[in-house]
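An overview of the molecular structure
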Amino acid sequence: MKKIKALILCLVVLVTTLAHAQFGPPTGEPDVINKRWHAQWIAVPNASNDGYGVYLFRKTIELAAKPSNYKIHVSGDNRYKLFVNETLVSMGPARGDIAHWNYETVDIAPYLKAGKNIVAAQVWNEGEFKPEAQITYRTGFILQGATSAESAVNTNNTWLCEKDNSFAPLIFRTRGYYVAGAGEIRNMALSPKNWQSEGFDDKNWQKARPVGGGVPKNILGAFGTMSGWMLVPSIIPQMELKDERLVKVVSNEGVTGLSAGFPAQKSEVTIPANSKVTLILDQNYLTNAYPNVEFSGGKSASITLRYAEALFKNTSKGNRNETAGKTFIGRADSLVSDGSQRQKFTSLTYRTYRYVQLSIVTQNEAITLNDIYGTFTGYPFQMNAQLSANQPEMDKMLEIGWRTARLCAYETYMDCPYYEQLQYIGDGRIQALVSLYNSGDDRLVKNAINLMDFSRTPEGVTLSRHPSYTPQFIPTFSLWYIGMLQDYARYGADIEFVRNKLSGTRQILSYFKSYQQADGSLKNTPQWMFTDWVDNFKEWKAGIGPMSANGTSAVLDFQLLWAYQVAADLETKLGNTAFAAQYQQEITTLKKTIRTKYWDSAKTLFADREEKDEFSQHTNSLAILTGMATSEEAKQIAQSLTTNNQLAPASIYFKYYLHQALIKAGKGNDYLKWLDKWRENIQMGLTTWAETSDVDKTRSDCHAWGSSPNVEFYRTILGIDSDGLAFSKVKIQPHLGQLTSISGTMPHPKGSISVSYKQENNKWNVQITLPKTVTGMFVWAGKTLNLKEGQNEFKL
């Protein structure tokens, strides 16, 4: 017994020592991902571990000279903003999970000077009001210099800190599913002024309290991290920040003396004492931005900002350009002026809006609105594709699609920036293709695949979305994840990255195998077996297709068949023939079963269930994509897909797969005829693509799963496609329809691909340019021509 007690005591001492150890000065150049950090996670003494709070940290360092480089590693929980000499230099951390907690690496040398320097951080925890996408361990902040030369900035109890009591949450509730976080209440009288500056008096601030050592994921030992967070380097860059002006006033209640250029041009507005005024300002397009409001005087005046994608008339949004007679419903921030000059409000996190409602109520003093504007933010994608066809409608669709894709891309892909900010696999697959076809930047694509892979449970299935602190399972999205991995294998550059993910795809298919019957058909697969939002159509409920009385479903069996085919293709091309053979056996069994159970020869369609009483675009699109339909059957099914209004229709999301099926069936020249839903969005004044096909009553006005034309204008119309791993081979097969002149360029891992098609005197002049070392084939009118690297010219 004494030996046991002694052992326990030793363990307690060891745990306590590691948790609070100051590991001394580094020897040599530390490996930040393979050694314990010398910095400590710190918090404000006596502050809540997990409740709502905003906290400020400061460190003064003296430098003999301005350094040429000064690299640091920094992270926080939930979030942080880092300032050096009052300049914002980093925001983060990029969202992940506890087992993969990101840190950013920043060179702050450009912001340092000889003499005294102030490194300061604003850290906040939104507690119970946090967004669904925010996973958390406890409130904390950590910063470590990259080498011994930067060790003076390491977080420990030499940092000073204080809670900022000017903040409180402002809960927002609205129709539908909203989980993007609360607004802010700011009492400016309680806000420390200029706390990031050298001149700020911090003598009454507290010493920070260490709450655990910084531990990279690579070196977890017998007692884990001792602090919860398993640190990993973020693979994505800092988010873009760019000021943008609101464009115009669309409603004015009580404000006099507005300049003609307000708010597009900076101009001051004075609101008299004892007044109440309201303005509605229009950005002219949807944006993600930090609102910035500068104001002076007006002690105890209240300023309320509300943000909306569109205004409402009952439950209808109508034309998004119209505001008269409509109601403003939106997430809000509320400020109380302290009466001083040049107060400034910037929200902790960005807001999504086209319209901003500004309401001001003054007390005994007038208030001056010095300025109001936004700072756009998002993943720093660059548009590296170009298309020229002298077709304004195509240009408009590309513009809207790219804006939608940008607003749904921050530190992760997001289904929508206003309501959820969650990275779903179904959305992410299309978003990743837009990124690869329009930008070529694959970092957010790989980040998304990583996070989806990390979410996989012991049973083998992934979560439907990640990061998310509430687990949600849509098993069909695990199947689309396999497709997303194959997409990256085809269009991305890092094949070793794909190879390392294959064990996950095997586990996913093993999960589904446990719900397959002897004939291969899925039965009673648990959780939300979502396929598409098909509203008010017969047996479709909550996005789930019709089920047979015995628990089977054609649309589910087809998705599984498709996933087996994709997985077999990946395994074959990466040299894993045993797995490919195993999947091929499943494919053979499933094909036979699907034909027997669901084919209706009288209708020349595949039914949604064994009773053969329900039919959909979804099932029959997948029948073509999986090769279940013969060539002749595919042509007949394709005709029904475009003319039979008794089929359950694909939404703007699933039209991606519908269009792929129609193209495979030989109808690619009609692609531009299939875009009426996108045209409706434009006619209704949207500047991003709506979530659902009901444009009038859609919840979200911004869902990037509708941006598929930004892929297909290049892949289908221009015909540029991958024909090998890592885009090593190119297949170009245009579908020009009625177009007689079109050209375009898209990014490639080794450069760019350019094509030009121009009809003159009943002949086509074709020019195709491929990157160095890249070859391929050109398919035109049933003929195949070889393509060499560099310039290729044809007269056809």
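Residues numbered from 1 in each chain as written. Predicted model: local features only at pLDDT ≥ 70, side-chain atom pairs only at ≥ 80, totals over all residues. Heavy atoms only, no water.

Some words on the overall build of the protein
Secondary structure summary: the protein contains 14 helices and 34 strands in total. For a compact globule of 796 residues, the expected C-alpha radius of gyration is about 28 Å, and the protein comes in at 29 Å, within 12% of that figure. Expressed as lengths along the three principal axes of its C-alpha atoms, the size of the protein is roughly 85 × 80 × 60 Å. Burial status across the protein gives 60% buried among its 796 residues. (Helix = DSSP H or I, 4+ residues; strand = E, 2+ residues; numbered from the N terminus. Rg over C-alpha atoms; globule rule 2.2 N^0.38 Å. Buried < 20%, exposed > 50% of the residue type's maximum accessible area, 1.4 Å probe, protein only.)

Focus: helix H8 (residues 554–573)
Along an α-helix, a turn takes 3.6 residues, which lines up residues three or four apart on a common side. The terminal C-alpha atoms of H8, which comprises 20 residues, lie 29 Å apart, in line with the 28 Å expected from a rise of 1.5 Å per residue. Counting buried positions along H8 gives 16 out of 20 residues, so the element sits mostly inside the fold. Two to three positions downstream of the cap, the backbone nitrogen of valine 555 sits 3.4 Å from a side-chain oxygen, assigning the N-cap of H8 to serine 553. Looking one or two residues past H8, glycine 575 carries a phi angle of roughly 85°, positive in sign. (Expected span 1.5 Å × (residues − 1). Polar contact = N/O pair within 3.5 Å; in protein donor to acceptor, adjacent residues only side chain to side chain.)

Digging into the environment of serine 741
Summarising the element assignment, serine 741 is placed in strand S29 (residues 741–748). Given a relative accessible area of 36%, serine 741 falls into the partly exposed group. Remark: the alpha-carbon pair of serine 741 and lysine 758, spanning 17 residues in sequence, is separated by 4.4 Å. Among residues more than four places away in sequence, those in contact with serine 741 are Ser388, Ala389, Tyr757 and Lys758. (Contact = heavy atoms within 4.5 Å.)

Comments concerning the sheet that holds strand S7 (residues 115–125)
Picture the strands of a sheet paired through backbone hydrogen bonds; they go either parallel or antiparallel. Spatial strand order, S5-S4-S7-S2-S9-S12: six strands in an open sheet with antiparallel pairing. Two strands lie at the open edges of the sheet, namely strand S5 (87–92) and strand S12 (206–207), each paired on one side alone. Bridge analysis of strand S9 (residues 160–163) against S12 gives two bridges, and the strand direction is antiparallel. The partner of leucine 160 across the bridge, within S12, is lysine 207. (Pairing = 2+ DSSP bridges.)

Notes on the confidence of the model for the protein
On average, residues of the protein carry a pLDDT of 94, and 95% of them reach 70 or more. For residues 1–28, every residue scores under 50 in pLDDT, and the model assigns this stretch 25 contacts once sequence neighbours within four places are set aside. (pLDDT = per-residue confidence, 0-100.)

With respect to the side chain of asparagine 102
With respect to the helices and strands, the residue asparagine 102 is situated in strand S6 (residues 101–107). Among the polar contacts listed, one links the side chain of asparagine 102 to the backbone oxygen of alanine 94, at a separation of 2.8 Å. Residues in contact with asparagine 102, not counting those within four places in the same chain, are Ser75, Pro93, Ala94, Arg95, Gly96, Val232, Pro233 and Ser234.

With respect to the nonpolar core
Phe713, Ile732, Ile742 and Tyr757 are the most contacted members of the largest nonpolar core, which has 137 residues in total. Ranked by residues supplied to this core, first place goes to H8 with 13 residues. Residues contacting tyrosine 757, with those up to four places away along its chain left out, are Leu718, Ile732, Pro734, Leu736, Thr740, Ser741, Ile742, Trp764, Asn765, Val766, Phe778 and Trp780. Among the nonpolar cores identified, the runner-up in size contains 27 residues, and Ile61, Ala109, Val123 and Cys161 belong to it. (Core = buried A, V, L, I, M, F, W, Y, C linked by side-chain atoms within 4.5 Å.)

Focus: the pattern of salt bridges
One pass over the structure, following the stated rule, counts 41 salt bridges. Note that arginine 58 and aspartate 202 form a salt bridge whose closest N and O atoms lie 3.1 Å from each other. Of the two residues, arginine 58 sits in strand S2 (residues 53–63) while aspartate 202 sits in the loop between strand S11 (183–187) and S12, which places them 144 residues apart along the sequence. The burial state of arginine 58 is the same as that of aspartate 202; both residues are buried. Salt bridges sharing partners connect three or more residues here, namely Glu268, Glu294, Arg342 and Lys344. (Salt bridge = Lys/Arg side-chain N within 4 Å of Asp/Glu carboxyl O.)

A look at the packing of helix H2 (residues 392–407) against helix H14 (residues 709–717)
Their axes nearest at 8 Å, the elements H2 and H14 cross at an angle of 130°. For the element pair H2 / H14, the angle class is oblique. For the pair H2 and H14, the contacting residues are Met394, Met397, Leu398, Gly401 and Trp402 in the first and Pro709, Asn710, Phe713, Tyr714 and Ile717 in the second. (Axes fitted to C-alpha atoms, helices over the stretch in contact; angles between N-to-C directions. Parallel < 35°, antiparallel > 145°, perpendicular 65-115°, else oblique.)

Some points on the environment of glycine 339
Tracing the chain through its elements places glycine 339 in the loop between strand S20 (331–336) and strand S21 (343–346). C-alpha separation for the pair glycine 339 and glutamate 365, spaced 26 residues apart in sequence, amounts to 8.2 Å. Those residues in contact with glycine 339 that lie beyond four places of it in its chain are Gly297, Gly298 and Lys299.

Some details on helix H11 (residues 631–643)
If you check H11, its first and last C-alpha atoms are 19 Å apart, about what 13 residues at 1.5 Å a residue would give, namely 18 Å. Among all positions of H11, only Glu633, Ala634, Ile637, Ala638, Ser640 and Leu641 are buried. One side of H11 carries all its buried residues, which in axial view fall inside an arc of 160°. In H11, the exposed residues that point more than 90 degrees away from the buried face are Ser631 and Thr643. Each element contacted by the buried residues of H11 is listed here: helix H9 (577–598), strand S25 (599–600), strand S26 (605–606), helix H10 (617–625) and helix H12 (655–667). (Arc of directions from axis to C-beta.)

Some remarks on the sheet that holds strand S33 (residues 783–787)
If you trace the four strands from one edge of the open sheet to the other, you get S27-S28-S32-S33, paired in mixed fashion. Every other strand in the sheet has two partners, leaving strand S27 (720–722) and S33 as the edge strands with one partner each. Across the sheet, the mean angle from the axis of one strand to that of its neighbour is 25°, orientation sign disregarded. Where S27 lies against strand S28 (residues 729–732), three bridges are found, and the strand directions are antiparallel. Along S28, the bridge assignment pairs aspartate 721 with lysine 731.

Focus on unusual backbone geometry
Going from aspartate 77 to asparagine 78, the amide bond is cis rather than trans, its omega being 0°. Mapped onto the elements of the fold, asparagine 78 is located in the loop between strand S3 (71–77) and strand S4 (79–84). Following histidine 466, the chain continues to proline 467 via a peptide bond in cis, the omega torsion being 0°. For proline 467, the location among the structural elements is in the loop between helix H4 (443–454) and helix H5 (475–491). Its identity is not glycine, yet asparagine 284 carries a phi of approximately 80°, on the positive side. With respect to the helices and strands, asparagine 284 occurs in strand S18 (residues 276–297).

Some points on the packing of aromatic side chains
According to the stated counting rule, one finds 45 aromatic pairs in the structure shown. Ring centres 5.4 Å apart and planes at 70° place the aromatic pair phenylalanine 200 and tryptophan 205 in the edge-to-face group. Phenylalanine 200 sits in the buried class, given a relative accessible area of 19%. Three or more aromatic residues link up through ring pairs in this structure, and these residues are Trp480, Trp562, Tyr653, Phe654, Tyr656, Tyr657 and Trp705. Over the ring of tyrosine 469 we find lysine 130; its NZ or CZ atom is 4.4 Å from the centre of that ring. (Phe/Tyr/Trp six-rings, centres within 6.5 Å; stacked < 30°, edge-to-face > 60°. Lys NZ or Arg CZ within 6 Å of the ring centre and 35° of its normal.)

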